[in-house]
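# Observations on chain architecture
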Amino acid sequence: HSCMMVMVANLCFSFRGLYQKLFRATPNGSRQAVDDLNLQYRMQQIGVMFLFAPVLLLEAPGLVVRLWKTHTTGDGLFESGLFLQYLGLSLV
């Protein structure tokens, strides 16, 4: 499982580098049009957009169950009132 994760991460890293080189070769990708910092920022935004939907689909049900009712104590964040306390503290 870990080996596959590393291989996929390396493949994505290679594709990102290839895409950046191809983008730099176009007129829209020149250093005068897009500096290195903005290019990295945009590449990170694209990565987040691609990963957001699968993570939401795969992890959201388990997260909701854990927030609603934890398996160890039986009291989740909502049932015990901790969620409202955390929410109130975050607003302060």
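Please read these numbers as outputs of a predicted model, since none were measured by experiment.

Calculation criteria
- Here the residue numbers are simple positions, counted from 1 along each chain's written sequence.
- Local features in this predicted model are restricted to residues of pLDDT 70 or higher, and side-chain atom pairs are both shown and tallied only at a pLDDT of 80 or more, whereas totals for entire chains, interfaces and linings draw on every residue.
- Side-chain metrics rest on all non-hydrogen atoms present in the structure, leaving aside hydrogens and water.
- Only residues whose relative accessible area exceeds 30% and that form no salt bridge enter a patch; like-charged residues are grouped when within 9 Å of one another, and nonpolar side chains (Val, Leu, Ile, Met, Phe, Trp, Tyr) when within 5 Å.
- With residues, only the protein chains shown are counted as cover, and all accessible areas are computed by Shrake-Rupley using a 1.4 Å probe.
- Whenever a carboxyl oxygen of Asp or Glu lies within 4 Å of a side-chain nitrogen of Lys or Arg, that contact is scored as a salt bridge.
- Buried means the residue's accessible area, taken with a 1.4 Å probe over protein chains only, is under 20% of the maximum for its type, while exposed means over 50%, and partly exposed covers the values in between.
- Whether two aromatic rings pair depends on their centres lying within 6.5 Å, for rings of Phe, Tyr and Trp, where Trp uses its six-membered ring; planes under 30 degrees apart make the pair stacked, over 60 edge-to-face, and the rest tilted.
- For helices the rule is a DSSP run of H or I covering at least 4 residues; for strands it is a run of E covering at least 2, with both sets numbered from the N terminus onward.
- Pairs of N or O atoms are called polar contacts if they sit within 3.5 Å, as long as, within protein, a hydrogen donor faces a hydrogen acceptor (for residues adjacent in sequence, only side-chain-to-side-chain pairs).
- Between two residues, a contact is recorded if the distance between any of their heavy atoms is within 4.5 Å.
- pLDDT is defined as a per-residue confidence score from the predictor, taking values between 0 and 100.

## With respect to a nonpolar patch on the surface
Taken together, the side chains of L11, F15, L18 and L22 make up a nonpolar region of the molecular surface, amounting to roughly 410 Å² of accessible area. Exposure remark for L11: the relative accessible area of 46% places this residue in the partly exposed category.

## Considering the packing of aromatic side chains
Overall, the coordinates contain 1 aromatic pair when judged by the stated rule. Relative to F23, the ring of Y19 lies with its centre 6.3 Å away and its plane at 15°, an arrangement referred to as stacked. Residue Y19 and its partner F23 are located together in helix 1 (residues 2-24), separated by 4 residues, close to a single helical turn. Using a relative accessible area of 43% as the deciding quantity, one classes Y19 as partly exposed.

## Considering the side chain of R24
Examined against the element boundaries, R24 turns out to sit in helix 1. Here the side chain of R24 touches V34 through a polar contact of 2.7 Å, landing on its backbone oxygen. Within polar-contact distance, the side chain of R24 engages the side chain of D36 at 2.6 Å. If we ignore the near neighbours within four places in the chain, the residues touching R24 are G29, S30, R31, V34, D35, D36 and L39.

## Overview of the confidence of the model for the protein
It should be kept in mind that the predicted coordinates are not to be read in detail where pLDDT is low. On average, the protein scores 81 in pLDDT, and the residues at 70 or more come to 86%. Within the protein, helix 3 (residues 77-80) has the poorest average pLDDT of any element, 68, and helix 1 the best, 87.

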